[in-house]
Amino acid sequence: MTDWLQKDETYLMSTYKRLTIAIEKGEGNYLLDTEGKAYLDLFTGLAVSVLGHSHPKIVEALVEQGEKFLHISNIFLNKPAITLAEQLVTHTIPGKVFFSNSGAEATEAAIKLVHKWAKMTGRENAGIVVLKNSFHGRTLGAVKLTRQAHVYQDYPLPAFPVYEVAPGDIEGLQEIITTYSPVCLLMEPVLGSGGVIPLSESFLQTAFALCKEHDVLFAMDEIQTGMGRTGKLFAYQHTTVEPDLILFAKGVGGGLPLGGVIAGEKLANLFKPGDHGTTFAPSPLSAALGNAVMEALLVDGLLEEGKKQAEYLWARIAHLVDEYPQLLSDIRGKGMMLGIQTKLAPEEVSHIQQGMLEAGFLIDVTQKTIIRLLPPLTLTSEEIDRFMVCFRDVLEQAARVKGEVM
Ligand SMILES: Cc1ncc(COP(=O)(O)O)c(C=O)c1O
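Residues numbered from 1 in each chain as written. Predicted model: local features only at pLDDT ≥ 70, side-chain atom pairs only at ≥ 80, totals over all residues. Heavy atoms only, no water.

In the annotation of an unreviewed UniProt entry, the entry for the chain reads Acetylornithine aminotransferase, and the organism field reads Brevibacillus laterosporus LMG 15441. In UniProt, the chain has this text filed under Cofactor (unreviewed entry): "pyridoxal 5'-phosphate". The Sequence similarities (unreviewed entry) field of the UniProt record for the chain holds the comment "Belongs to the class-III pyridoxal-phosphate-dependent aminotransferase family." (UniProt positions renumbered as here; feature names shortened; annotations may be inferred.)

Shown next, in the form of structure tokens:
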């Protein structure tokens, strides 16, 4: 183990603060480390493994496509990708798909499309409105739209204007739109790394109406919230808004890199050959896995099953929030995207995360004091029960320590 840790520190840039466990294998909703210890994975590689690990449907698609070919150029018709694009459009908005390899690249494609549209409609230097604390990726274009200073502050940012509005602040949004005539509003329906903050239905509906009135493109970053995570295929579908642009990634490739945008009718035909592209996307292998994920969600009923299990998880955690008011203040999010706001110092929250890890449960912490859960949609009631027993024990311990200190 120490060897892997040492080699990691020697040969890899430390762009992530790593847990000191090396993963050997994934099995269902569990990850197994090199010592054979199993961890219930309530993080899913940051909202990626919607079906857990080594799901039979994913393995079958992987083998089937793997035996045919792994890569072809974009100059050929790519059957798995065409099928996936058709599925995505059929279940969202009329339009067309551009595939990328990642979320940040989906944001880059969105930025280019929006600017192309701005140019076409005579608003060349118009800006993009995003939410305070938003996260849209780390490449240089995307980082301009990511309103978390530690992510963007050291880099030269592109020149286009960006305006920031607080989630829920409809007057602020109205003022930005009427003062600066931006060309697009881009929002995560539930802010992820920004603190697991769901946008209210009324905010989304009013913002959408404002955008329609002022000819502002309405774009949803569904990179984290998409692929069933919130109980709908995409989170905007909890409302009646109709986005002009939907950004997706993470869960769409079934564990392999894949992202992209679904562009509505205003934007669908703007890119011409040579305007945008990349060698690897859409990987036929990622797309084949994407088709397996779509089938599991929409045909095999996993979307509904995940929603049901998420309701059970929420109810159990809400009970815990009531039981430990000195430690926890709130549970936020939607479906299998949960943020538990603690009243603890960052070190105390890390201690809870470590306690859970030692007991065999992988959980995440965001914004230093929010415990974040991004479980697979395949999570079972028994696994939730086991998690709750352990979580309660760890909280009880934290409460005792806090009681002694006070
Ligand atoms: C909402 C959102 N947008 C964009 C991204 C960037 O995606 P990627 O890490 O695949 O570049 C993320 C990643 O966490 C995200 O959560």
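**Student:** Tell me about the domain arrangement of the chain, and name the residues and values.
**Tutor:** Taken as a whole, the chain is organised into domain 1 (4-55 + 301-402) and domain 2 (56-299). For domain 1 and domain 2, the distance between their C-alpha centres works out to 26 Å. With 27 residues of domain 1 in contact, the opposing surface of domain 2 contributes 33 residues. Where domain 1 abuts domain 2, roughly 2500 Å² becomes buried across the two surfaces, and 63% of that area is made up of carbon and sulfur atoms. Interface area lost by domain 1 to domain 2 is led by His55, Leu303 and Met337, which between them contribute 27%. If you look at where domain 1 meets domain 2, you find zero salt bridges. (Domains from an automatic or database assignment. Contact = heavy atoms within 4.5 Å. Buried area = accessible area lost by both parts, 1.4 Å probe. Salt bridge = Lys/Arg side-chain N within 4 Å of Asp/Glu carboxyl O.)

**Student:** I'd love a proper account of helix H12 (residues 346-358), names of residues and values included.
**Tutor:** When the terminal C-alpha atoms of H12 are compared, their 18 Å separation across 13 residues agrees well with the 18 Å that a helix rising 1.5 Å per residue should span. Three or more residues of H12 are buried, namely Val349, Ile352, Gln353, Met356 and Leu357. Projection of H12 onto a plane perpendicular to its axis shows the buried side chains occupying an angular sector of 140°, all on one side. In H12, those exposed residues whose orientation departs by more than 90 degrees from the buried face are Glu347, His351 and Glu358. Of the residues trailing H12, Gly360 is marked for its positive phi of about 95°. (Helix = DSSP H or I, 4+ residues; strand = E, 2+ residues; numbered from the N terminus. Expected span 1.5 Å × (residues − 1). Buried < 20%, exposed > 50% of the residue type's maximum accessible area, 1.4 Å probe, protein only. Arc of directions from axis to C-beta.)

**Student:** An account of unusual backbone geometry is requested, with residue identities and associated values reported.
**Tutor:** Note the cis peptide between Ala281 and Pro282, where omega equals -5°. Among the secondary structure elements, Pro282 is positioned in the loop between strand E12 (259-264) and helix H10 (284-298). Of note, the phi angle at Asn133 is positive, near 70°, even though the residue is not glycine. Within the secondary structure layout, Asn133 lies in the loop between strand E5 (128-131) and helix H6 (140-145). Residue Asn133 is classed as partly exposed on the basis of its relative accessible area, which comes to 28%. A positive phi angle is found at Asp215, which is not glycine, with a value near 55°. Along the chain, Asp215 falls in the loop between helix H9 (201-213) and strand E10 (217-221). Among the residues examined, Asp215 registers a relative accessible area of 36% and is labelled partly exposed.

**Student:** Please give an account of the layout of surface pockets that cites residues and values.
**Tutor:** Roughly 690 Å³ of volume is contained in the second largest pocket. Surrounding the second largest pocket, 28 residues form its lining, Asn74, Val97, Phe98, Phe99 and Phe271 being those nearest its centre. For the lining of the second largest pocket, the secondary-structure elements that each account for two or more residues are helix H4 (79-90), strand E4 (95-100) and E12. The residue inventory of the lining of the second largest pocket, partitioned by class, reads 18 nonpolar, eight polar and two charged. (1 Å grid on protein atoms, 1.4 Å probe; cavity = no way out; pocket = protein on both sides within 12 Å on 5 of 7 lines; lining within 4 Å. Points joined across faces, edges and corners; volume = space filled by probe spheres on them. Nonpolar A, V, L, I, M, F, W, Y, C, P; charged D, E, K, R; others polar.)

**Student:** Describe the pairing of strand E14 (residues 337-342), listing the residues and the values that go with them.
**Tutor:** Counting buried positions along E14 gives six out of six residues, so the element sits mostly inside the fold. Burial along E14 is two-sided: the residues Met337, Gly339 and Gln341 and Leu338, Ile340 and Thr342 are all buried. Pairing geometry for strand E13 (residues 328-334) and E14, over six bridges, is antiparallel. Paired with Gly333 across the strands is Leu338, a residue of E14. In this antiparallel pair of consecutive strands, E13 and E14, the connection spans two residues, and Gly335 shows a positive phi of 55°. With four bridges joining them, E14 and strand E17 (residues 370-373) adopt antiparallel strand pairing. Across the sheet, Ile340 pairs through a bridge with Ile371, a residue of E17. (Pairing = 2+ DSSP bridges.)

**Student:** Tell me about the sheet that holds strand E1 (residues 23-27), residues and numbers included.
**Tutor:** Sheet architecture is open: four strands sit in the order E1-E2-E3-E15, paired in mixed fashion. The open sheet is flanked by E1 and strand E15 (361-362), the only strands paired with a single partner. Alignment of strand E2 (residues 30-33) against strand E3 (residues 38-41), held across three bridges, turns out to be antiparallel. Directly across from Leu32, in E3, lies its bridge partner Ala38.

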